[in-house]
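Observations on chain architecture
The lines below spell out each chain.
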Amino acid sequence: MNMTLNPNIPEAVRAVAADGTKLRYALMEMAAEYKDAIALGRGDPDLATPPHIITTAERAMRDRLTGRTPVAGLPELRAAIARKLQRENGLSVEGENIIVTTGGQEALFLIMQALIDPGDEILVPDPRYTSYDDAITSAGGQIVMIATDHNDAFNLRPEVVEAAITPKTKALLIVSPSNPTAGIVTEERLRQIADVAIRHNLIVISDEIYEKFVYAPYHHFSIASLPVMAERSITLNGFSKTYAMTGWRVGYIAAPKNVIDALTRVKAVTTGPAASVSQWAALAALEAPEADAAIREFQQIYTERRAVAMAGLTEMGLTFSEPRGAFFIWTNSSSTGIHATELSYLLLKEGRILLFPGTAFGENWGGYLRISLLQPSDVLQEAWQRMKPIIERYRVNNSST
Ligand SMILES: Cc1ncc(COP(=O)(O)O)c(C=O)c1O
């Protein structure tokens, strides 16, 4: 496959091609110019925040619950998050082990700022959500990539993790289910990885923001539930994905109390507490009687879309890694013979479909596309119809040259 970028692609894309985060934003800006674009790019749920959550926020505003909360979060919400983690994830935590953040994004930055001393190495599976790179490097750390691959459904391999450890390694970051690969790290591997972490005295940061979207026969497992891991695990989660609450900006971290205190000190001098109305809404998201039904409805919708997407891509002759979780399909586009950055640009220009090239998640991934399942099934079908002739045309052109 030709892995060099075609000189004809616009400077706006070319200039940022090596920076995953900037590349995603450049493509989103271009797509905003097209009124008829189908957005399968960003990982923000298209579904509406459930009504009982909105009603709670309205009530909080009317009841003037609009003052600032303690920096680490509303005590009622911290306690509810702790109960959720005990009940669903098997963690031994109390409210004092929780900090509420302004989204998972802030959680990432707080963790890295509080944890990293200059020169520390943080192990991160590749491909990856490149905000990790931004958070790690802005704290003075070094990102060390851990290879994962298609043949293993992008599961994490304990022996590959272990081989990357040096005296400077401070932590291992795990994301399961994964953005962008939709792979998961299975319980068996997590148990083996826990042994590695203990042997080498590593902290494990576990990003579980997609935990509610794991497809049968797979299941989610929290590494911090292993008793030996409790003292060295930092669990990150949030409300954006589970409850379609991206704009409410509420996330959280569970960790030993001394870590929470360190994170709270950083948060106090940066953003202060998360928005109070959003925190009341998050409390309803977790504990209202309607809470479980809302998640089940979302799970059903994503399960259906996933089936539609797998069928559509297969019909186009594209292969993909089995999507075991999240709401993405990590699609192998190498049969087109075109670098994924260029292909994403062409699909946007010629087909009005926004999706992200694998290179938006690491430079090694020029043969992949990340497709988000964040449109109704009929819109997904329309996207495949637009995409199919383009894929076929390039595939034929490149096989005949
Ligand atoms: C893997 C992962 N972690 C964390 C986040 C942060 O999400 P938010 O800031 O909306 O909570 C995202 C968002 O896309 C993500 O994909």
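A brief look at the structure comes next. (Residues numbered from 1 in each chain as written. Predicted model: local features only at pLDDT ≥ 70, side-chain atom pairs only at ≥ 80, totals over all residues.)

**With respect to the overall build of the protein**
Helix and strand counts for the protein come out as 13 helices and 13 strands. Expected size for 401 residues packed as a compact globule is a radius of gyration near 21 Å; at 21 Å, the protein falls within 12% of this value. In the protein, buried positions account for 50% of the 401 residues. In the protein, of all internal contacts separated by at least 6 residues, the share reaching a separation of at least 24 is 75%. (Helix = DSSP H or I, 4+ residues; strand = E, 2+ residues; numbered from the N terminus. Rg over C-alpha atoms; globule rule 2.2 N^0.38 Å. Buried ≥ 20, exposed ≤ 12 C-beta atoms within 10 Å, placed from the backbone. Contact = placed C-beta atoms within 7 Å.)

**Structural notes on the site of the ligand**
As a matter of local geometry, the ligand sits amid 13 residues, with G103, G104, Q105, N179 and S240 nearest to it. Residue contributions to the shell around the ligand peak at three residues, all from helix α5 (residues 103-115). Looking at side-chain class alone, the shell around the ligand contains three nonpolar, nine polar and one charged residues. (Near = placed C-beta within 6 Å. Nonpolar A, V, L, I, M, F, W, Y, C, P; charged D, E, K, R; others polar.)

**Section: the packing of helix α3 (residues 51-62) against helix α10 (residues 276-287)**
It is the contact of α3 with α10, at a shortest axis distance of 8 Å, that shows an interaxial angle of 140°. By the angle between their axes, α3 is oblique relative to α10. Here α3 runs over α10; the crossing is right-handed. Residue-level inspection shows H52, I53, T56, A57, A60 and M61 of α3 in contact with α10, the latter providing V277, W280, A281, A284 and A285. Considered class by class, the residues forming the contact of α3 with α10 number nine nonpolar, two polar and no charged. (Axes fitted to C-alpha atoms, helices over the stretch in contact; angles between N-to-C directions. Parallel < 35°, antiparallel > 145°, perpendicular 65-115°, else oblique. Left-handed = near helix turned anticlockwise from the far one by under 90°.)

**Section: α10**
Between the first and last C-alpha of α10 there are 17 Å, a value that for 12 residues agrees with the 16 Å anticipated at 1.5 Å per step. If you check which residues of α10 are buried, you get S278, Q279, W280, A281, A282, L283, A284 and A285. Contact partners of the buried residues in α10: α3, α4 (75-89), β2 (98-101) and α11 (291-315). (Expected span 1.5 Å × (residues − 1).)

**Some thoughts on the environment of A57**
If you trace the backbone, A57 turns up in helix α3. Overall, A57 belongs to the buried group, with 20 C-beta atoms counted inside 10 Å. Taking the C-alpha atoms as reference points, A57 and S278, 221 residues apart in sequence, are found 6.8 Å from one another.

**Quick word on the sheet that holds strand β12 (residues 356-357)**
Spatially, the four strands line up as an open sheet ordered β9-β10-β13-β12, and their pairing is antiparallel. The sheet is open, and its two edges are formed by β9 (319-320) and β12, each paired on a single side. Pairing geometry for β9 and strand β10 (residues 328-332), over two bridges, is antiparallel. By the bridge assignment for β10, F320 is matched with T331. (Pairing = 2+ DSSP bridges.)

That is the geometry; function is a separate question.
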